[in-house]
Amino acid sequence: MLNEKIVEFYEELQDEVSTYIKENSPVSTNTAFKSLFISYLTEAGETFVSDCTLVDFKKDGENMKLDGYAFNEYFRSLTLIVSKYQGKSKPEKVKKTEIDKLLKKVLKFYKTCGTDSFEALEESSDGYQAYEFIKKHKSVSYDVWDIERLYQSVLGGQAVERQLVVKLKKKYSTSLPLIKVKGENDIYDCYIGVISGNLLARIYESEGQELIQKNVRSFLQATGKVNKGIKVSLANEPQMFMAYNNGISTVADSIVVENDLNDGGVVNITEITGWQIVNGGQTTASIYNAYKSKLPLDQVNVQIKLSVIKQKDQAEDIIHNISKYANSQNKINMSDFNANDTYHVKMERLSRSTPIPVIKGKSTDYWFYERARGQYLVELNRQPTTAAKREFKNRCPKKRCISKTVAAKCVMAYQGYPYIVSKGLETNFIFFSDKVSNGEFSEPSEQSYIEMISRVILFNSCDEIIKNLKFGGFKAQQDYYTVALIGKYHSDLINPQEIWNDQTINVETKILIEELALFVWDHFQNPTVSGVNIGQWCKKEECWDLLQKRYEAKIQN
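Read on for an overview of the structure. (Residues numbered from 1 in each chain as written. Predicted model: local features only at pLDDT ≥ 70, side-chain atom pairs only at ≥ 80, totals over all residues. Heavy atoms only, no water.)

A short note on a nonpolar patch on the surface
We apply this condition: Patches were defined on residues exceeding 30% relative accessible area and lacking a salt bridge, with like-charge contacts within 9 Å and nonpolar side-chain contacts (Val, Leu, Ile, Met, Phe, Trp, Tyr) within 5 Å. With residues, only the protein chains shown are counted as cover, and all accessible areas are computed by Shrake-Rupley using a 1.4 Å probe. Counted as salt bridges are all cases of a side-chain nitrogen of Lys or Arg within 4 Å of a carboxyl oxygen of Asp or Glu. By definition, any uninterrupted DSSP run of H or I lasting at least four residues is a helix, any uninterrupted run of E lasting at least two residues is a strand, and each is numbered from the N terminus. For every residue, the accessible area (1.4 Å probe, protein chains only) is compared with the maximum for its type, and the residue is labelled buried under 20%, exposed over 50%, or partly exposed between those bounds.
Residues I179, V181 and I192 make up a contiguous nonpolar surface patch of roughly 210 Å² in combined accessible area. Along the chain, the position of V181 falls in the loop between β6 (176-180) and β7 (188-196). Residue V181 is classed as partly exposed on the basis of its relative accessible area, which comes to 35%.

So, in structure tokens, the structure goes:
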């Protein structure tokens, strides 16, 4: 039986679904549910769906269904999403047979992508866009998330998840000989040694996303640009790689060895549970890319340190500190992405202390900056009575709850990075954090907070206008590129204080948005290469560069 807190969370999620439908009509209940559920997963750190594309494709007669897909170029992993929203008054169990049916439907769609069955679909349709994308990829991973697991991950303070188990002997036909560092303590055991480039690449190919997903620094390193020095070393001097490279730092929950310590303190590890790379993600990804490029890795070896954490309650702090103090090859600090980073803490405080202006009397209305997913629900559930909860919702309605990733999306689009925003919330947030750390955005203050909210209001207004224009596809990308044009060429129309005071944009800006949205749509219909996937083209800087050239030519005539 589910506990009371999970039931409350379920009810709040249902309310969110209803609100989402009202604010984004016309939209299906399933789309509203998926959008919210995915946003929770993303904020909870589930990187496998962070930049996914949601679709609504269903063919009951052919036993096919697809609700979304995501492909990670670095991990070469394709994740297909299928969902089931019951919408009952109380959460009910989904039987394994029902889960199996859903998996069969999405796998049927995947297998059909290997045929020409979808060629007859309208090219702008969800089904065709997904088919065109998926037919290029082969690997699929799947997992099951329900309301209980989501609650525990977001609000319960613990993740209910499958642990990564790397079975070296069984799966890779080898063991990993490492030296156990002398000295006993109750916190961790440390092992050092060498892992071959080939083995590391094979493990990363199979387990990659899970191998680094819990550590933001490693995730950034692995998904960032491949270091040129590492690439040259792998191609031209593979035998020198170990001399030039700092190696990788890893942690694990437990290991299995096939022998006791020998005189040299060496153990042969055959299985590792809970293995995570906490520093060296870029090294690992570079070796993997060399492996996929067919470069010989026979002479490539990598230094490895493995810390097996014995004090489970200290694991998160230990992992954070290893990452923090390790010698990094990437300029962005872990704190840049942490919900507890000073920037986000200050923005949160400003949102709680900066009321929305009113003409008369004292304002009690606020926006709610959510630096960690689930904060709004936590605060709502802290209210002692039903009346207090109602009053909280009146002061801070869910539509004025803004997560740090959505705020970053609105700000980055306005600043002229629509091609980055098009890559997804998670990727965009990484770039945003980089710019914050480099001082490219103002330090948190009441003025910078008001400017941020004004960008959010502008973005939401743009989204509503474009939705009503009903172009028929790529609405999100139209939002990004339209807002980017406003920020680049019409910033004189945007008065943050006026938008903050009115909580809306003026008529002149609304008319401009309609004109720019049409121009952006025409731009999308005329890419540099005929037949290109528009969604993918929007992720390239050349798409933004060409739009600027076209728009400048228009305003000069």
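After presenting the structure, the write-up continues.
Some remarks on helix α13 (residues 342-353)
Selection criterion: Multiplying 1.5 Å by the residue count of a helix minus one yields the expected span of that helix. In what follows, residue pairs with any heavy atoms lying within 4.5 Å of each other are defined as contacts.
With 12 residues, α13 should reach 16 Å at 1.5 Å per residue; the first-to-last C-alpha distance of 16 Å fits that figure. What α13 keeps buried is the set Y343, H344, V345, M347, E348, L350 and S351. Buried residues in α13 make contact with β13 (368-370), α14 (375-382), α16 (404-414), α18 (425-437) and α19 (446-469).

Re the side chain of E8
Within the secondary structure, E8 is located in helix α1 (residues 4-23). The residues touching E8, leaving out its near neighbours within four places in the chain, are N381 and K389.

What about the pattern of salt bridges?
Summed over the entire model, instances satisfying the criterion amount to 21 salt bridges. A salt bridge links D100 to K96, with the nearest nitrogen and oxygen atoms 3.1 Å apart. Pair noted here: D100 and K96 are both in helix α3 (residues 96-112), with a separation of four residues, about one helical turn. By relative accessible area, which is 27% here, D100 ends up partly exposed. Look at K96 and you get exposed, because its relative accessible area is 60%. Two residues, K435 and E440, come together in a salt bridge whose shortest N-O distance is 3.5 Å. Its relative accessible area of 13% is what places K435 among the buried residues. What makes E440 partly exposed here is its relative accessible area of 43%. Taken together, the shared-partner salt bridges in this structure form one network comprising K34, D56, K65 and D67.

Regarding the pairing of strand β12 (residues 301-309)
Stated formally: A strand pair is defined by DSSP finding two or more bridges across the two strands.
Judged from the nine bridges that link them, β7 and β12 form a sheet pairing that is antiparallel. Across the sheet, the residue bridging to C190 is S307, located in β12. Across five bridges, strand β8 (residues 248-252) lies against β12 in parallel orientation. What sits directly across from I248, in β12, is I304.

Regarding the packing of aromatic side chains
Spelled out, the test is: Two rings from Phe, Tyr or Trp (for Trp, the six-membered ring) form a pair when their centres sit within 6.5 Å of each other. Planes less than 30 degrees apart are called stacked, planes more than 60 degrees apart edge-to-face, and all others tilted. A positively charged side chain is recorded as over a ring if its NZ (Lys) or CZ (Arg) lies within 6 Å of the ring centre. The angle to the ring normal must also be within 35 degrees.
Enumeration over the complete set of coordinates arrives at 20 aromatic pairs. Ring geometry for F57 versus F109: centroids 5.1 Å apart, planes at 70°, classification edge-to-face. With F57 in strand β1 (residues 53-59) and F109 in helix α3, this residue pair connects regions lying 52 residues apart in the sequence. In this structure, F57 and F109 share a single accessibility class: buried. Ring centres of Y481 and F524 lie 5.6 Å apart, and the angle between their planes is 85°; this geometry places the pair in the edge-to-face category. Of this pair, Y481 sits in helix α20 (residues 475-489) while F524 sits in helix α22 (residues 507-524); the two residues are 43 residues apart in sequence, bridging distant segments of the chain. Taken together, the ring pairs in this structure connect Y343, F429, F432 and F441 into an aromatic cluster. One residue, K404, lies across the ring of F429, its end atom 5.6 Å from the ring centre. The positively charged end of R455 is found above the aromatic ring belonging to Y414, 3.9 Å away from the centroid.

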